[in-house]
Every structure is written in structure tokens, then in C-alpha cells.
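Observations on the three-dimensional arrangement
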Amino acid sequence: MNEINFISCVLNCRVRVGNDVGTIKFIGELKHHSGLWYGIEWDDPNRGKHNGCVDGIQYFSCDEPLAGSMIRPEKVRRFETVRDAIENRYILTPIEDDLNFDDFQMVIGAPLMEFVGVEKTWKKQSDMKALTHVVLPDSNVNAPGDLTPLKNLSELVLSASLIWNWQTVGDIVKQIPSLNVLDLSKNRIKQPTSAEISELQPIFVFLKSLHLQNCKMKSWTDVLYVAQLWPFIDNLSLHGNEIVRLVEPDLTNIFKNLQSLDLSNNKISNFNEIVKLGKIETLRCLNVAGNGIKRIELPECRPDQQLSIFVNLVELILRDNPIEDKSFAFNELDKLPMLNNLSMSRKGADFKDMFSDGAARISRLKTLNNIRISDVDRRGAEYDLLKMYGPKMLLAKDELAKENLFRECRALSVIFKKYGSPDELLTPAPKVSNVINIEIQTIPFTKTVKKRLPRKITVQALQGIISKLFNPRGSEQPKLSYLDQKNPDIRVELDKVSKSLDYYSIQDGDVILVEW
């Protein structure tokens, strides 16, 4: 093994002492203390004894008053290369040629089945070319070593290592052309110079996913600067950093292919900061969970139009934000032209009500908190919204009042077109008969029957009747769906066999479709 000792330490490099990690901020002698000393700023702000000031002399400075220490070089744990770490954790020592099967089994003290398993593992992992995923958390890695044997490595995790500059990262990546995913979370990596960016940028062209979680990054401007290194990245995770404010990125040299951005658990409390990302046209998934956002507000646009920002955003994750007015938030999010999937915490609210409100107010939404919105869910939710706003619309005296209601609930214009005007809704309903007249059609459309059925008949019972009508000798239950006569484009699956036709709001004249 090629070990790197403390002589390799330089200013700003990262070191591990015991289980604690810090950055070298001073190398030299101390007044009244003989020998060589390292001044360390610890990641743990309470690990040290001072802020770099010893006996009244300021040798270095720390962000926290008790984050600094002076230590002797011999206390620093030895460094290792990525190659060393892989050999230690993944590559087994080959079995000596003169050690037979029985002798080796006796040496390791394993029964036959266990030994066979070890032998298979050795055969698989004795060749570095077989490795596709390598996970090396909490290692003492600070240099690459020879990585050319890693011909098929696609994912490398170097979280909480001792890597501290992008030159080292570049030296690792350029040796592994197959690398797609790189995890550098819980590292403290020094900003590159402009010259280093120019030199290293071609190396990162094929990298698709980069994780920089919990890296103590505070400035979004610094993120945009270093992003010049990897302009073609698809996925970027910045979870758990300390970013407060954003600026609109200049997309000339960065984020050309960015599809997924994770800013969860930062310190962004104002959604206006998030809006500054709206011009990233390739962005499909945005995670801003756990940021302290209380209000979702987007720029103004007409109630029947969508915004020209976040034009391809399909998924938005807002969990663990203290959003105060979820109905207002849903109404605002309806302005996003492609939003299909939304995650939002339900703390302080009944989930059923929240789910219904979101399904009604965001017309393109397909899932809320990973729960699919069915046609039945949406229809019921839209009816509830119609009942809420119908009386308000009837009382609106002029066009301005109506316009304000449409802004308050953008979904209204679509819902009114779908189900009728509010005056129709509020007309007293005639007495409902206990039976309904429906038309039953087979798919393909070869047979049609009109039937008069009890409104309370279950789907399961209806399946039995239909089986006798169309398939008297068959045992397979038919699949049923229905078409609303007022909205023939809407087809609803009758998938809850214990529910009645009344549950699905089936009315006179509706069509039941039958498939086997």
C-alpha cells in the first residue's frame, strides 16, 4: 500500500485526528512552544479550545470561537488514496497457490457452505474491472492513486473524506471515463481558480450526477461559480447546506442539461428566491423541502394562462415547509405549465381535505404526496370547489368581481366549462329516483343493451348481471367503466367492486363499457 504521511500536509488540506475532521489553517512553530505545530479549524465548532489565538498571538482565525486547536503532526491519521481504500474494502487477498481447499477452509475456520461463498466473492472481487459501484464513506482519502483498472465504475461515493480541492477531484474523474455519479457530500472543497476551471472543465463532461450535501456551502454565487466545472450535469444535490438567497443564474456556461436540483434543508425562507431558478428550461424536478417557506407566491398572469417560467418542471417537492395557506399555494402552483407531481406536508391539516383541494385547484396534477389522483378523485374535488364558489359567482355584480374570483381560484373557468354554470348548479335538484336507466356496451362495440337498474346496486352485482347477458359460460369477471353523457371524454374505471353506482355518481343516460 502506498501510504501518504503527515509530510504531505499543506495549508487548507483536510485531516482526521481520531474521529474528528478539520482543516489545516497554520503550519509552523509557536512562541514558547518548541517543534512543529498544525493549527486546525475543526468541523465540530466545539471540538477546539480557541479561535486560533494562542498566548495572545493570532496564528489563524476560525468562524467559531472554540473551533481551533494546535496539534502535533504525528497525531494526524495517515492519508490514503482512492486505490488504497478500494483495495482495503473491496479487493480480497488472492489465495496462495500452494494452499489447498481443505487447508484454507481450516485456516478461516468456515464450514463448507460459508467457504464456497467466500471463494465466489473472491473470484468476483479480485478483479477491479468488475466493480460498478464503490462506497467509501468516512475514509482518509485525499488523493486518487492509480484508478485505471476501474473500467466499469459508474458510481463513486467519497462522502466525509479528506478531499479538499477540485484538482484532486479532477484527477480522480479523468481516470474513470465510465463514472456517471460522484458523491462528495460532507467534504469541504476549496473554490477553484479561474485557471483551474479552464483546465478541469473538459474532465467533467461525462459526469451526470453530483452530490454536494452537507458541505457547509453558504453562498449561491459560489455554487454558480464552481458549476462552471460541470456545465452538462443532469442532477445536482445541495441538500443540507446553508444557502439563504439565490440569484438568477447566467446560463451561458452552466446548467445546460440540469434536470434535477435538490436544495432541501437549506435556509431559503422566501419562495421569491426559488422563482429566480425559473429560467432553467431543462429543470424537471426541484426539491426545496425543509427550507422554512411559509408562503408560495408566483408572478401574476391571467387566470386562463400559465407562466413562461419553470416551463418543463414536472415535480416539485415542498415537504417540511410551514406553508400557512395551502389553498392559496395550490392556486399559485396552477400557474406552472407542466406540474404533474407535488409533495407537501400535511401537518396541521386533514390530509383528505388537502388532497381534494390540490386535486381540484391544480388541473394538471397527477399525484399529490405520491398518491395518484384518479378521475373519480378529481371529479369529486371539482364538484366540491364548484359548490364553494358557485354562490360567490352568482353574487358577483360586475366583470371585475368575477375576474377577482377567477384569480382567487384559477380552476373555476375550467370547472364551469366542464360541469355547467353556477346558476345551473344552484337550481333545486328534482327528486332523485331510486332507479336509473343506463346503456351497456361491450368493447369492441358489438353488443348494446339498455337496462333499468337500482341506483344502489354494487359494481360486483352489476358484473354478475353483465356476465349472464354477454358471457353466460365464462367465469372471468368483466372490467367495467363508464362514460358521463355530459362529458363523453371522461372515462372512469369502476374498480371498487363493493361500491354502488350511486358512489360513482352515475346518472340516467350514462354508458357502462364492458371489457373481458
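Before going into details, it helps to say that this report is about the structure given with it. (Residues numbered from 1 in each chain as written. Predicted model: local features only at pLDDT ≥ 70, side-chain atom pairs only at ≥ 80, totals over all residues. Heavy atoms only, no water.)

Okay, the overall build of the protein next. Within the protein, the regular secondary structure consists of 14 helices and 24 strands. Counting the 516 residues in the protein, one finds 45% classified as buried. Summing over all exposed atoms, the protein offers an accessible surface of approximately 26,800 Å²; the carbon and sulfur share of this is 50%. (Helix = DSSP H or I, 4+ residues; strand = E, 2+ residues; numbered from the N terminus. Buried < 20%, exposed > 50% of the residue type's maximum accessible area, 1.4 Å probe, protein only. Areas by Shrake-Rupley, 256 points an atom, 1.4 Å probe, with all protein chains shown as cover.)

A word on helix α12 (residues 412-419). Each turn of an α-helix holds 3.6 residues, which means side chains three or four residues apart point in the same direction. For α12, the complete set of buried residues consists of Leu412, Ser413, Ile415, Phe416 and Tyr419. The buried residues of α12 occupy one face: seen down the axis, they fall within an arc of 165°. Following α12 by one or two positions, Gly420 adopts a phi angle in the positive range, close to 110°. (Arc of directions from axis to C-beta.)

What follows deals with a negative patch on the surface. The grouping of Asp375, Asp377, Glu493 and Asp495 at the surface amounts to a negative patch. Note that Asp495 resides in the loop between β23 (491-493) and β24 (511-515). (Patch = residues over 30% accessible without salt bridge, like charges linked within 9 Å, V, L, I, M, F, W, Y side chains within 5 Å. Salt bridge = Lys/Arg side-chain N within 4 Å of Asp/Glu carboxyl O. Lys, Arg positive; Asp, Glu negative; His and termini not counted. Charge placed at Lys NZ, Arg CZ, Asp CG, Glu CD.)

On to the sheet that holds strand β11 (residues 181-183). In a beta sheet, neighbouring strands are held together by backbone hydrogen bonds and run either parallel or antiparallel to one another. Ordered in space as β8-β10-β11-β12-β13-β14-β15-β16-β17-β18-β19, the 11 strands form an open sheet in which the pairing is mixed. The strands lining the two open edges of the sheet, one partner per strand, are β8 (133-135) and β19 (371-372). (Pairing = 2+ DSSP bridges.)

Bringing the packing of aromatic side chains into the picture now. Per the stated rule, a full pass over the model turns up seven aromatic pairs. Pairing Tyr503 with Tyr504 gives two aromatic rings, centres 5.0 Å apart and planes at 90°, and the pair type is edge-to-face. Through successive ring pairs, a cluster of aromatic residues spans Trp166, Phe204 and Trp230. Arg295 extends its terminal NZ or CZ atom over the ring of Phe328, reaching a point 4.0 Å from the ring centre. Its guanidinium or amino end placed over the ring of Tyr503, Lys499 lies 5.0 Å from that ring's centre, counting from NZ or CZ. (Phe/Tyr/Trp six-rings, centres within 6.5 Å; stacked < 30°, edge-to-face > 60°. Lys NZ or Arg CZ within 6 Å of the ring centre and 35° of its normal.)

What follows concerns the sheet that holds strand β1 (residues 14-17). Pairing in this open sheet of four strands is antiparallel, and the strands run β1-β2-β3-β6 from one edge to the other. Edge positions in the open sheet fall to β1 and β6 (68-71), since each of these has one partner strand only. Pairwise comparison of adjacent strand axes, ignoring direction, gives a mean angle of 50° for this sheet. One ladder, built from four bridges, connects strand β3 (residues 33-42) with β6; its direction is antiparallel. Bridging from a neighbouring strand, Glu41 pairs with Gly68 of β6. (Axes fitted to C-alpha atoms, helices over the stretch in contact; angles between N-to-C directions.)

Below, the discussion takes up the environment of Leu283. Tracing the sequence through the fold places Leu283 in the loop between α7 (271-275) and β15 (285-287). Using a relative accessible area of 1% as the deciding quantity, one classes Leu283 as buried. Through-space distance from the C-alpha of Leu283 to that of Gln259 is 4.1 Å; in sequence the pair is 24 residues apart. Residues within four places of Leu283 in sequence aside, it is in contact with Leu258, Gln259, Ser260, Leu261, Phe310, Asn312 and Leu313. (Contact = heavy atoms within 4.5 Å.)

Right, let's get into the pairing of β1. A two-sided burial pattern is seen for β1, the buried positions comprising Arg14 and Arg16 on one face and Val15 and Val17 on the other. By the bridge criterion, four bridges tie β1 to strand β2 (residues 20-30) in an arrangement that is antiparallel. Residue pairing in the sheet places Arg14 in a bridge with Thr23 of β2. Here β1 folds back onto β2 in antiparallel fashion, the turn holding two residues, of which Gly18 has a positive phi close to 65°.

Their axes nearest at 8 Å, the elements helix α9 (residues 351-361) and helix α10 (residues 375-395) cross at an angle of 85°. On the basis of the axis angle, α9 is roughly perpendicular to α10. Contact residues: α9 offers Phe355, Ser356, Asp357, Ala359, Ala360 and Arg361, while α10 offers Asp377, Arg378, Ala381, Glu382, Asp384, Leu385, Met388 and Tyr389. Its residues assigned to classes, the contact of α9 with α10 comprises seven nonpolar, one polar and six charged. (Parallel < 35°, antiparallel > 145°, perpendicular 65-115°, else oblique. Nonpolar A, V, L, I, M, F, W, Y, C, P; charged D, E, K, R; others polar.)

With that out of the way, let us pick up unusual backbone geometry. Cis geometry is adopted by the peptide bond preceding Pro444, which originates at Ile443 and carries an omega value of 5°. One can find Pro444 in the loop between β20 (435-442) and β21 (448-454). Of note, the phi angle at His32 is positive, near 75°, even though the residue is not glycine. Here His32 shows up in the loop between β2 and β3. Looking at His32, the relative accessible area reads 67%, which means it is exposed. Even without being glycine, Ala160 reaches a positive phi, approximately 55°. Tracing the backbone through its elements, the reader meets Ala160 in the loop between β10 (155-157) and α4 (166-173). Relative accessible area serves as the criterion here: at 12%, Ala160 is assigned to the buried category.

This part covers the environment of Asn272. Secondary-structure assignment places Asn272 in helix α7. Its relative accessible area of 44% is what places Asn272 among the partly exposed residues. Residues Asn272 and Arg295, 23 residues apart in the sequence, show an inter-C-alpha distance of 9.4 Å.

Time to look at α9. Within α9, eight of the 11 residues are buried, leaving the element largely enclosed by the surrounding structure. Those residues of α9 that are buried are in contact with α8 (326-333), β18 (367-368), β19, α10, α11 (399-408) and α12.

Now for the pairing of β2. Two strands pair when backbone bridges link them, and β2 and β3 are joined in this way by seven bridges, in the antiparallel orientation. Note on β3: the bridge partner recorded for Phe26 is Gly39. Joining the antiparallel neighbours β2 and β3 is a turn of two residues, in which His32 adopts a positive phi near 75°.

Note on placement: Asp334 falls in the loop between α8 and β17 (341-343). By relative accessible area, which is 3% here, Asp334 ends up buried. A polar side-chain atom of Asp334 sits 3.0 Å from a polar atom in the side chain of Arg410. Each residue touching Asp334, except ones within four places of it in the same chain, is listed here: Gln306, Arg361, Ile362, Ser363, Arg364 and Arg410. (Polar contact = N/O pair within 3.5 Å; in protein donor to acceptor, adjacent residues only side chain to side chain.)

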